[in-house]
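# Reading the structure
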Amino acid sequence: MLSYIVVAVAGYLLGSIPTGFLVAKARGIDIRAVGSGNIGAANTFRAIGRSAGIFVLLMDALKGFAAVELCNLILPLFGITDPGVMIHYRVVAGIFAVLGHNYTCWLGFKGGKGIATTAGVYLALVPWSVFFGLMAFIVGVIVTRYTSVGSILAALILTLVVCLTQHDLTLIIVTIALCTLAILKHRTNIQRLIAGTENRIQFGKKR
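Residues numbered from 1 in each chain as written. Predicted model: local features only at pLDDT ≥ 70, side-chain atom pairs only at ≥ 80, totals over all residues. Heavy atoms only, no water.

## Overview of the overall build of the chain
- When helices and strands are counted, the chain shows eleven helices and zero strands.
- Listing each helix as α and each strand as β along the chain from the N terminus yields α-α-α-α-α-α-α-α-α-α-α.
- In summary, the chain has a C-alpha radius of gyration of 17 Å against a globular reference of 17 Å for 207 residues, a match within 12%.
- Each principal axis of the C-alpha atoms in the chain carries an extent, and together these give about 60 × 40 × 25 Å.
- When the 207 residues of the chain are sorted by exposure, 45% land in the buried category.
- In the chain, the share of contacts with a sequence separation of at least 24, taken over all contacts with a separation of at least 6, comes to 63%.
- When the accessible area of the chain is evaluated, it comes to approximately 10700 Å², of which 71% is carbon and sulfur surface.
- A distance of 17 Å separates the average location of the 17 positive side-chain charges in the chain from that of its 6 negative side-chain charges. (Helix = DSSP H or I, 4+ residues; strand = E, 2+ residues; numbered from the N terminus. Rg over C-alpha atoms; globule rule 2.2 N^0.38 Å. Buried < 20%, exposed > 50% of the residue type's maximum accessible area, 1.4 Å probe, protein only. Contact = heavy atoms within 4.5 Å. Areas by Shrake-Rupley, 256 points an atom, 1.4 Å probe, with all protein chains shown as cover. Lys, Arg positive; Asp, Glu negative; His and termini not counted. Charge placed at Lys NZ, Arg CZ, Asp CG, Glu CD.)

## Focus: unusual backbone geometry
- Backbone geometry places phenylalanine 109, a non-glycine residue, at a positive phi of 60°.
- Structurally, phenylalanine 109 is set in the loop between helix 6 (83-102) and helix 7 (115-125).
- The backbone of arginine 145 sits at a positive phi, close to 65°, despite the residue not being glycine.
- Summarising the element assignment, arginine 145 is placed in the loop between helix 8 (127-144) and helix 9 (147-165).
- Judged by its relative accessible area of 30%, arginine 145 is partly exposed.

## Observations concerning the packing of helix 9 against helix 10 (residues 169-185)
- Between helix 9 and helix 10, the least distance of the axes is 9 Å, while the angle of their chain directions is 170°. It follows that helix 9 is roughly antiparallel to helix 10 by the angle criterion. Here helix 9 contributes Ile152, Ala155, Leu156, Leu158, Thr159, Val162 and Cys163 to the contact with helix 10, which in turn contributes Leu171, Ile172, Thr175, Ile176, Cys179, Ala182 and Ile183.
- The residue inventory of the contact of helix 9 with helix 10, partitioned by class, reads twelve nonpolar, two polar and no charged. (Axes fitted to C-alpha atoms, helices over the stretch in contact; angles between N-to-C directions. Parallel < 35°, antiparallel > 145°, perpendicular 65-115°, else oblique. Nonpolar A, V, L, I, M, F, W, Y, C, P; charged D, E, K, R; others polar.)

## Overview of the side chain of serine 3
- Tracing the backbone shows serine 3 in helix 1 (residues 2-15).
- Taking the relative accessible area as the measure of exposure, serine 3 reaches 7% and is therefore buried.
- The contacts of serine 3, once residues within four sequence positions are left out, are Phe78, Ile80 and Tyr89.

## With respect to the environment of isoleucine 87
- Within the secondary structure, isoleucine 87 sits in helix 6.
- Once residues lying within four places of it in the same chain are set aside, the contact partners of isoleucine 87 are Leu125 and Asp168.

## Looking at helix 2 (residues 19-26)
- Inspection of helix 2 places Thr19, Gly20, Phe21, Val23 and Ala24 among the buried residues, and these make up the whole buried set.
- Contacts from the buried residues of helix 2 go to helix 3 (41-47) and helix 4 (50-69).

Following this line, the structure appears as C-alpha cells:
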C-alpha cells in the first residue's frame, strides 16, 4: 500500500508543476487572466507566442512521461521488479500526473486540461497510441483551426487505439476514464463551439 501512495504522490507532484503559469509569469503575465484563462500550451501559444507555447507543450508532456518512468527508480526500493505488477503502478503514476496538471495544488487546485500530460503518460505506456493521437490532433486543427477540436479528437483516437491493441483491463479502463476527463475539461470549449464563439488558431504571423 505504501508503494502505491509513494508512486501516486510523486506522480501528482510532478504533474502539478504549472509550466504555463510559470512561463507566463516570467514574462510578467498572469496566464489565468488572458485568453481562455487556461494554463496549458494552447492558451500560452495564443497569449504569449509560438515558442512559448511549444515549450509549455513539451514540458507538460515531459511531466507525464517522467512520472511513469520514475516508477523504474521507485519500485525496486520496495522490491517490486515484476513487469506485470509494475504496469499497474505506472498507470497509477500516470493518472496522478494528469490529475496534478488538471488540479494543481499550487494554483488553488485549478490547472490545465491534461492533453499534453496525458500524451506524455501514454508515450511511456503505449507509444503508438500517441502517434495516432498526434495525427488526429494535427488533422483536427488543420481542418477546423480549433485546438479544442484537435485535442478532443486526439483523446478519442488514443483511447480507441489503446482499447483495440491492449489487453490489460486496468489500462483500458483508466484510458477511458482519462478520455472522459479530457472531454469534460473541454466542456466550455464545446459550448463555445456550439455557439460559434470559440477562438480559432492563427497559423500566420500576427499583424
